[in-house]
Amino acid sequence: MGKVNRSITELVGKTPLLELVNYEKKNQLDARILVKLEYFNPNQSVKDRIALAMIEDAEKKGLLKPGYTIVETTSGNTGIGLAAIAAAKGYKFRVYVQDNVSQERFQVIHAFGGETIKLSEEPAIAEVMEATNGDFIAAIAALREKVLSKEKDIFFVDQTANPANPGIHEATTGPEIWEDTEGQVDILVANVGTGGTVSGTGKYLKSKNPNVKVVAIQPGENSLPSETNPEPEEITGVHPFEGVPTERVPSTMDLNIYDEKFEVETIDAYKAAREVAKTDGILVGTSSGAAIKAATELAKRPENKGKTIVAVLPDTGLRYLSTNLFNEEYQG
Ligand SMILES: Cc1ncc(COP(=O)(O)O)c(C=O)c1O
């Protein structure tokens with residue numbers, strides 16, 4: 001039979017590009033916005049790409065063997081991607097998850113047979129998070145040194161420091177955009193969590209055409225915890241890379257790759273995601289809304305008239321039904 005896949009690993013990537021034709025018209029935009037729909041991956045997010053790449057890289061290097069447990073810390077999508085691929089390949093999976101992540105993410109990881117541990121439940125991590133006011137990179141170091149180093153037969157993935165993360169975006173996401181647009185791409189818009197997407201995709205596109213402008217999204221001031229607002233509504237998976245100490249920026253983020261940093265507030269990300277659901281019938285997550293908001297503002301600039309903007313939309317809106325994303329009464 002010609003088209004039968006035998007593993008979900010064969011279904012990762014090759015996601016479609018969609019022009020937001022109705023949204024462009026409604027907003028009278030003179031630039032094209034093409035969105036790369038990463039929810040077409042087998043577990044509905046861009047993280048399926050890195051999950052598969054990091055696992056297969058570890059297998060090749062002999063770091064991951066049959067009977068091992070795969071371990072990761074993540075705000076969710078990477079955990080889901082890894083849980084599914086671990087299941088399909090027969091590995092056990094354990095993930096340390098931020099406490100405030102939406103409930104459906106925990107449920108999905110459990111469905112794949114994975115184990116979840118909240119950061120606050122692991123004393124070694126909780127201690128560091130408290131002492132450093134939420135330094136996630138320091139917490140990961142503590143987990144590695146104080147907990148994982150005492151265990152055998154585990155592979156710690158660490159998406160914030162694993163070169164296979166930006167590597168797979170350079171090898172697949174970038175080339176897919178280049179081929180599907182036949183090289184007609186002027187601006188790339190991507191969120192920054194680990195920085196894997198923007199660094200790898202940006203590197204590839206700039207290698208094909210150094211004039212491609214790379215725009216990296218950072219949460220706006222009101223969408224980050226502060227003294228006056230310790231628990232703001234945040235953009236899940238998206239973290240600041242400017243205005244924070246460089247040791248808090250994952251090594252997978254190439255700070256030389258972007259031409260512009262674009263700040264988006266959570267409420268504006270929500271509004272863009274709500275709007276595009278109504279104009280073009282796509283249901284995407286909060287960070288996707290942020291990418292659409294940034295692309296819209298770029299499209300309005302006179303110098304971008306007639307240009308093609310490609311925005312990477314990381315995941316599906318279905319993963320946010322228990323949040324305020326599609327709660328129209330919530331206006332910030
Ligand atoms: C929903 C969502 N959006 C965006 C990102 C950012 O992607 P990257 O880690 O490649 O920078 C992530 C990553 O954690 C995510 O989960």
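Scroll up a little and you will see the structure.
The present account deals with the structure reproduced in this document. (Residues numbered from 1 in each chain as written. Predicted model: local features only at pLDDT ≥ 70, side-chain atom pairs only at ≥ 80, totals over all residues.)

With respect to the sheet that holds strand β5 (residues 115-118)
Consideration 1: Strand order in this open sheet of 4 strands is β5-β4-β3-β6, and the pairing throughout is parallel. Pairing within the sheet leaves two strands with one partner each, and these edge strands are β5 and β6 (154-156). Taken pair by pair, the neighbouring strands of this sheet meet at an average axis angle of 20 degrees, ignoring direction.
Consideration 2: As paired elements, strand β4 (residues 92-97) and β5 share 4 bridges and run parallel to each other. Of the residues in β5, the one forming a bridge with V95 is T116. (Pairing = 2+ DSSP bridges. Helix = DSSP H or I, 4+ residues; strand = E, 2+ residues; numbered from the N terminus. Axes fitted to C-alpha atoms, helices over the stretch in contact; angles between N-to-C directions.)

Points about the pairing of strand β10 (residues 308-313)
Consideration 1: Counting buried residues in β10 gives 5 out of 6 residues, a clear majority hidden from the surface.
Consideration 2: Bridge count for strand β2 (residues 32-37) against β10 is 6 bridges, and the pairing is parallel. Among the inter-strand pairings, L34 is bridged to a residue of β10, identified as V310.
Consideration 3: For strand β7 (residues 187-191) and β10, the ladder comprises 3 bridges, and the chain directions are parallel. What sits directly across from V189, in β10, is A311. (Buried ≥ 20, exposed ≤ 12 C-beta atoms within 10 Å, placed from the backbone.)

Comments concerning the sheet that holds β7
Consideration 1: Across the sheet, 6 strands lie side by side as β1-β2-β10-β7-β8-β9; this open sheet has mixed pairing. Edge positions in the sheet fall to β1 (17-19) and β9 (260-264), since each of these pairs with one other strand and no more. Between one strand and the next, the sheet's axes are offset by a mean angle of 25 degrees, whatever the strand orientation.
Consideration 2: In this structure, strand β8 (residues 213-219) lies alongside β9, joined through 5 bridges in parallel fashion. For P219, the partnering residue across the bridge sits in β9 and is V264.
Consideration 3: Against the sheet, helix α8 (residues 196-208) contacts β7, β8 and β10, and its axis sits at roughly 165 degrees relative to β7. (Contact = placed C-beta atoms within 7 Å.)

A short note on the packing of helix α3 (residues 77-89) against helix α4 (residues 103-111)
Consideration 1: It is the contact of α3 with α4, at a shortest axis distance of 9 Å, that shows an interaxial angle of 15 degrees. When the axis of α3 is compared with that of α4, the two are roughly parallel. Both α3 and α4 take part in a crossing whose hand is left-handed. Contacts from G79, I80 and A83 of α3 reach α4 at R105, V108 and I109. (Parallel < 35°, antiparallel > 145°, perpendicular 65-115°, else oblique. Left-handed = near helix turned anticlockwise from the far one by under 90°.)

A closer look at the nonpolar core
Consideration 1: Among the nonpolar cores identified, the biggest contains 50 residues, and L188, V189, I217, A291, A295, I309 and A311 are the most heavily contacted of them.
Consideration 2: Listed by contribution, the elements that provide at least two residues to this core are β2, α7 (164-180), β7, α8, β8, α9 (266-280), α10 (286-300) and β10.
Consideration 3: Apart from the residues within four sequence positions on either side, A311 is in contact with I33, V35, V189, A291, I292 and A295.
Consideration 4: Ranked by size, the runner-up nonpolar core spans 37 residues in total, among them M54, F93, V97 and A142. (Core = buried A, V, L, I, M, F, W, Y, C linked by C-beta atoms within 7 Å.)

A short note on the packing of α7 against α8
Consideration 1: Running from N to C, α7 and α8 cross one another at 50 degrees; their axes reach a closest spacing of 7 Å. Here α8 runs oblique to α7, going by the angle between their axes. In the packing of α7 onto α8, the handedness of the crossing is right-handed. Where α7 abuts α8, its residues N165, P166, G167, I168, H169, E170, T173, G174, P175, I177 and W178 lie against G196, T197, S199, G200, T201, K203, Y204, L205 and K208.
Consideration 2: Looking at side-chain class alone, the contact of α7 with α8 contains 7 nonpolar, 10 polar and 3 charged residues. (Nonpolar A, V, L, I, M, F, W, Y, C, P; charged D, E, K, R; others polar.)

Focus on α8
Consideration 1: With 13 residues, α8 extends 19 Å from end C-alpha to end C-alpha; this agrees with the ideal 18 Å at 1.5 Å per step.
Consideration 2: Among the residues of α8, those classed as buried are G196, T197, V198, S199, G200, T201, G202, Y204 and L205.
Consideration 3: Looking at the buried side of α8, the elements it contacts are α2 (47-61), α7, β7, β8 and β10. (Expected span 1.5 Å × (residues − 1).)

Brief notes about unusual backbone geometry
Consideration 1: Even without being a glycine, K14 presents a positive backbone phi close to 50 degrees.
Consideration 2: Tracing the backbone through its elements, the reader meets K14 in the segment before β1.
Consideration 3: At E182, a residue that is not glycine, the phi angle is positive and equals roughly 50 degrees.
Consideration 4: Here E182 shows up in the loop between α7 and β7.

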